[in-house]
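# Structural description and commentary
Spelled out, the chains give:
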Amino acid sequence: QVQLAESGGGLVQAGGSLRLSCAASGRTFSDYAMGWFRQAPGKEREFVSAITQTGAYTTYADSVKGRFTISRDNVKNTVFLQMNSLKPEDTAVYYCAARASKIATAWRTYGYWGQGTQVTVSS
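Residues numbered from 1 in each chain as written. Predicted model: local features only at pLDDT ≥ 70, side-chain atom pairs only at ≥ 80, totals over all residues. Heavy atoms only, no water.

## Some points on the sheet that holds strand β1 (residues 2–7)
We apply this condition: Two strands pair if DSSP finds at least two bridges between them. Note on conventions: DSSP H or I runs of at least 4 residues are helices, E runs of at least 2 residues are strands, and numbering of each starts at the N terminus. Structural elements are reduced to axes, namely lines fitted to C-alpha atoms, with helices fitted over the stretch in contact, and the angle between N-to-C directions of any two is expressed from 0 to 180 degrees.
Spatial strand order, β1-β3-β8-β7: 4 strands in an open sheet with antiparallel pairing. Both outer strands of the open sheet, β1 and β7 (68–73), are each paired with one neighbouring strand and no more. Strand-to-strand twist of the sheet, defined as the mean angle between neighbouring strand axes without regard to direction, takes the value 15°. Relative to strand β8 (residues 78–83), strand β3 (residues 18–26) runs antiparallel, the two being bridged by 6 bridges. Residue pairing in the sheet places Leu-18 in a bridge with Met-83 of β8.

Right, here's the structure in full:
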């Protein structure tokens, strides 16, 4: 089992940047593909980005491609989401998740979740 804890959320103006972190503890972090998801009020949880166990491959939702960058540090057991050029529509609770299998975009296939961190982008 792996425990996840997100940090780095906050309030930012449109066009600004934030860097989210997700610290993992418990099982071997490098055994897990990691994903970032978000959920806005009244909306379905949606995929943002994911990264393979080694960090060699990443994938992004079209809505964030070119603005967000996912990375991981398997020594520090942490996955990051660098968010640039933020837009009001990026406002949501952001969750990191772990999956002990191949990288995936479907949130229901991830077995471990953090508590989430709020990101609010003002216009």
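Anyway, onward from the coordinates.
## Regarding the packing of aromatic side chains
Operational definition: Stacked, tilted and edge-to-face are the three classes assigned to paired rings of Phe, Tyr and Trp, where Trp is represented by its six-membered ring and a pair needs centres within 6.5 Å; plane angles under 30 degrees give stacked, over 60 edge-to-face, the rest tilted. Our definition puts a charge over a ring when NZ of Lys or CZ of Arg is within 6 Å of the ring centre and also within 35 degrees of the ring normal.
Applying the stated criterion across every chain, the model contains 7 aromatic pairs. Ring plane angle 75° and centroid distance 6.3 Å describe the contact between Trp-107 and Trp-113, whose orientation is recorded as edge-to-face. Its end group placed over the ring of Phe-80, Arg-19 keeps NZ or CZ at 4.0 Å from the ring centre. Over the aromatic face of Phe-29 sits the side chain of Arg-72, whose NZ or CZ is 4.3 Å from the ring centroid.

## A closer look at the nonpolar core
Put simply, the test is: Joining through side-chain atoms within 4.5 Å is the link that ties buried Ala, Val, Leu, Ile, Met, Phe, Trp, Tyr and Cys residues into a set, and such a set is a nonpolar core. Per-residue accessibility, obtained with a 1.4 Å probe over protein chains only, is compared with the maximum for each type, and a residue is labelled buried under 20%, exposed over 50%, and partly exposed between these values. Only heavy atoms enter the contact rule, under which two residues are in contact if any of them lie within 4.5 Å.
In terms of nonpolar packing, the biggest core is built from 35 residues, with Met-34, Trp-36, Leu-81, Met-83 and Tyr-94 touching the most fellow members. When contributions to this core are tallied by element, the ones reaching two or more residues are β1, β3, β4 (33–39), β5 (46–51), β7, β8, β9 (92–99) and β11 (117–122). In terms of residues, this core owes the most to one element, β9, which gives 5 residues. In contact with Leu-81, not counting residues within four places along its chain, are Leu-18, Arg-19, Leu-20, Trp-36, Val-48, Ser-49, Phe-68, Thr-69, Ile-70 and Tyr-94.

## Observations regarding the side chain of Ser-49
Selection criterion: As used in this structure description, the phrase polar contact means that two N or O atoms lie within 3.5 Å; if the pair is within protein, one of them must be able to donate a hydrogen and the other to accept it, and residues adjacent in sequence are counted only when both atoms belong to side chains.
In this fold, Ser-49 is placed in strand β5. Side-chain polar atoms of Ser-49 contact the backbone oxygen of Thr-59, separated by 3.0 Å. Those residues in contact with Ser-49 that lie beyond four places of it in its chain are Met-34, Gly-35, Trp-36, Thr-59, Tyr-60, Ile-70 and Leu-81.

## Quick look at the environment of Ala-106
Secondary-structure assignment places Ala-106 in the loop between β9 and β10 (112–113). Sequence-wise, Ala-106 and Ala-23 are 83 residues apart; in three dimensions their C-alpha atoms are separated by 21 Å.

## Looking at unusual backbone geometry
Backbone geometry at Asn-77 places phi at a positive 55°, although glycine is not the residue there. Here Asn-77 falls in the partly exposed class, since its relative accessible area comes to 27%. Of note, Ser-85 is a non-glycine position whose phi angle comes to about 50°, a positive value. Assignment of secondary structure puts Ser-85 in the loop between β8 and β9. With relative accessibility at 40%, the residue Ser-85 sits in the partly exposed group.

## Section: the environment of Phe-68
Here Phe-68 is to be found in strand β7. Taking the relative accessible area as the measure of exposure, Phe-68 reaches 3% and is therefore buried. Expressed as a C-alpha distance, the spacing of Phe-68 and Ala-106, which sit 38 residues apart in the sequence, is 18 Å. Other than its neighbours up to four places away in sequence, Phe-68 contacts Arg-38, Val-48, Tyr-60, Leu-81, Gln-82, Met-83, Asn-84, Leu-86, Asp-90 and Tyr-94.

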